[in-house]
Structure formats: C-alpha cells, structure tokens
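Coordinates in review
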Amino acid sequence: MSRILMTGAAGGVASMLRPHLAGHFDEVVLSDIVPVTGMAAHERFVEAPLADPGACRAACRGMDGIVHLGGFAHEGPWETIHEANIVGCYNIFEAARLEGVPRVVFASSNHAIGFYRRTERIGSDRRVRPDTRYGVSKAFGEALGSYYADKFGLRVLSIRIGNVAERPLDERRLSIWIHPEDLAQLIRIGIEHPDLHNEVVFGASDNDRSWWDNHIAYALGYAPAHRSEDHLEHAMEEQGRLAADTIGQRFQGGGFCSDEFAGDLDRL
Ligand SMILES: NC(=O)c1ccc[n+]([C@@H]2O[C@H](COP(=O)([O-])OP(=O)(O)OC[C@H]3O[C@@H](n4cnc5c(N)ncnc54)[C@H](O)[C@@H]3O)[C@@H](O)[C@H]2O)c1
C-alpha cells in the first residue's frame, strides 16, 4: 500500500497535478488550511496549518512520501513568507524525520535563481540567486532538503518549478513552462527513484528556449512529453498584451526581479 501526503492541496498546482497522479498511489492525503473540493476515491483531506508542528506530524504519520506544495506562492511581506515558507517548510521536514517518512519532494521555484540573466544557461547545481523574499524561502527549502538528506538519510528531490499551466502564458514562460503531466512525472521520480539521495532539478517541459541545463533530471529518467514551442503563437499573442519591463526582461525571474528593484543595473 503506497500512501503520500500532498500539502497545499487546495492550490492551483495541486489541482492540476492530482488527475495525473491518479492510479499511481493507493492513497493520497490532501492537506491545506482550506478544504479541497472534488476528491477522488483514493484521496482524503486533512486540515494542517504548516505553522503548527503537531498538525504537520499528524498529517505525515504513516506516509511513504510527502509532496510539499503548501506555502505562500509569490512575493509577500516577510512575516507571511516566514510563517508559511520558512517555519512551515521546517515543520514538514522535521515531521517527516520524526514520523519516519523516507521521502520529500519539495516545490522550489525558478525565483530561487531569478537574478541569472536570460543570456545565461545554468544547471541546477549553480548557486542560488533569489529575486524576492519568496525566492529566498525556496533557497531555504532546498538547504533544508540537503541537511535532512545528509544528516538523517531522507531522500529528497527539490524541483525548481518554472510555471505550471496547460500552456505557456507569455514569452518568458516559453522558456520555463512545465505541463502538469510532466511535473507529475518528476514528482513520481522523487517518490519512487531507488537511488535518489538529494537532488535539485528544474521543473520544465521540453522547451527549445530553455535557460536551464536539466541533465540531472534526465539522468534520473525524466522524459518530458510536452514542448512549449507547440504553443508559440498563443504565448506571443499574450505577450503582446503585456507592458514592457526593462529590468524584468533581462532576468530569468522576470517581474519578480523588477519588483522593489533599487539602484543601478550595472552591479548585476
Ligand atoms: N504555480 C506555479 O507555476 C509555481 C511555480 C514555482 C513554484 N511553485 C510552488 O508550488 C507550490 C504550489 O503553488 P500554487 O501555484 O499551487 O500556489 P497556491 O497559492 O495556489 O497554493 C498554495 C496552497 O498552500 C496553502 N497554504 C498557504 N499557506 C499555508 C499554511 N500556512 N498552512 C497550510 N497551507 C497553506 C494555500 O491555502 C494554498 O492552497 C508553492 O510552493 C509554490 O511556491 C508554483
């Protein structure tokens, strides 16, 4: 019997993912602070605020793996990011250790490396370059994954997710997009791969315009089925509706880089 916990299960990514994970696990426990609707027979809901260590432990009990999607999913005030993404992420890894859950898949983000320029091609082994407090919290989550893998033997996959959607939403997303079916494949690698220790990969489909060298994911068996270039016309049409962003357009993190940006671009 295989049982996984999915945090942040009422959110947008979880809603897109769940149908693609159906049939792969006997039971999927869905946790959030708001109820999840439209559950399938193999799914059940538990309320678990991430800032509550006891609730996190109870949600993790008896699980074979955790898919940690829960948290504040964009830039916000430090107090909010701190509670949901720093304390919350710690509580989930610590609950996994205390409850003997062997695997954690962590939803990291492209915003952990947002200040790399679009002219650069980077591997997921490059150091973090967060573009926001949100991005800093994702770098923290990756560091937690490394610590819990090395010190306690958890098997951890951090996925620096680009943007999850049925199709890429603009020109930037042509480079970073991931179809939910491809993300489900990466998550299954994180839950099932026999030789996983701790890896960081990019959550991206097979995108011709990618800024990322995702060889670590491919070495783990990842074979994305979707290509952003198949949606070129739609993405460029949507791009035409967006205002110019002279700072954001230089960097992989886009508008998250221009938001609150101060001073001179030359330092970068
Ligand atoms: N959407 C994307 O394309 C994308 C890209 C990169 C990374 N990610 C990451 O993937 C994950 C899911 O993203 P999403 O777009 O579905 O976000 P979302 O905001 O739609 O969902 C996040 C869920 O987490 C829950 N949550 C927030 N704070 C919580 C708390 N303190 N305790 C318990 N639950 C809490 C929310 O209620 C929500 O249902 C996030 O960690 C996000 O940072 C998403």
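Scope of this entry: the structure provided in the associated data block. (Residues numbered from 1 in each chain as written. Predicted model: local features only at pLDDT ≥ 70, side-chain atom pairs only at ≥ 80, totals over all residues. Heavy atoms only, no water.)

Quick word on the site of the ligand
- Taken together, 23 residues lie near the ligand, and V13, D32, L69, Y134 and V164 sit nearest.
- The separation between a nitrogen atom of the ligand and a polar main-chain atom of L50 is 2.9 Å.
- K138 has a polar side-chain atom sitting 2.9 Å from an oxygen atom of the ligand.
- Calculation on the ligand without its partners gives an accessible area of 820 Å², and the protein chains cover 82% of this total.
- For the shell around the ligand, the secondary-structure elements that each account for two or more residues are α1 (12-21), β5 (103-109), α4 (133-152) and β8 (163-164).
- For the shell around the ligand, the element with the most residues is β5, which contributes three residues.
- Looking at side-chain class alone, the shell around the ligand contains 12 nonpolar, nine polar and two charged residues. (Near = heavy atom within 4 Å. Polar contact = N/O pair within 3.5 Å; in protein donor to acceptor, adjacent residues only side chain to side chain. Areas by Shrake-Rupley, 256 points an atom, 1.4 Å probe, with all protein chains shown as cover. Helix = DSSP H or I, 4+ residues; strand = E, 2+ residues; numbered from the N terminus. Nonpolar A, V, L, I, M, F, W, Y, C, P; charged D, E, K, R; others polar.)

With respect to the nonpolar core
- Membership of the largest hydrophobic core comes to 31 residues, with the highest contact counts inside it found for M6, I159, L183, L186, I187 and V201.
- Of all elements in the fold, only β1 (3-7), α1, β2 (27-32), β5, β7 (155-161), α6 (180-192) and α7 (215-219) reach the threshold of two or more residues within this core.
- The element contributing the most residues to this core is α6, with six residues.
- Here V201 is in contact with S124, L157, S158, I159, R160, L186, N214, I216, A217 and L220, once residues within four sequence places are set aside.
- One finds I92, F93, A96 and F106 within the second-largest nonpolar core, a separate group that totals 23 residues. (Core = buried A, V, L, I, M, F, W, Y, C linked by side-chain atoms within 4.5 Å. Buried < 20%, exposed > 50% of the residue type's maximum accessible area, 1.4 Å probe, protein only. Contact = heavy atoms within 4.5 Å.)

The values are spatial; any link to function lies outside them.
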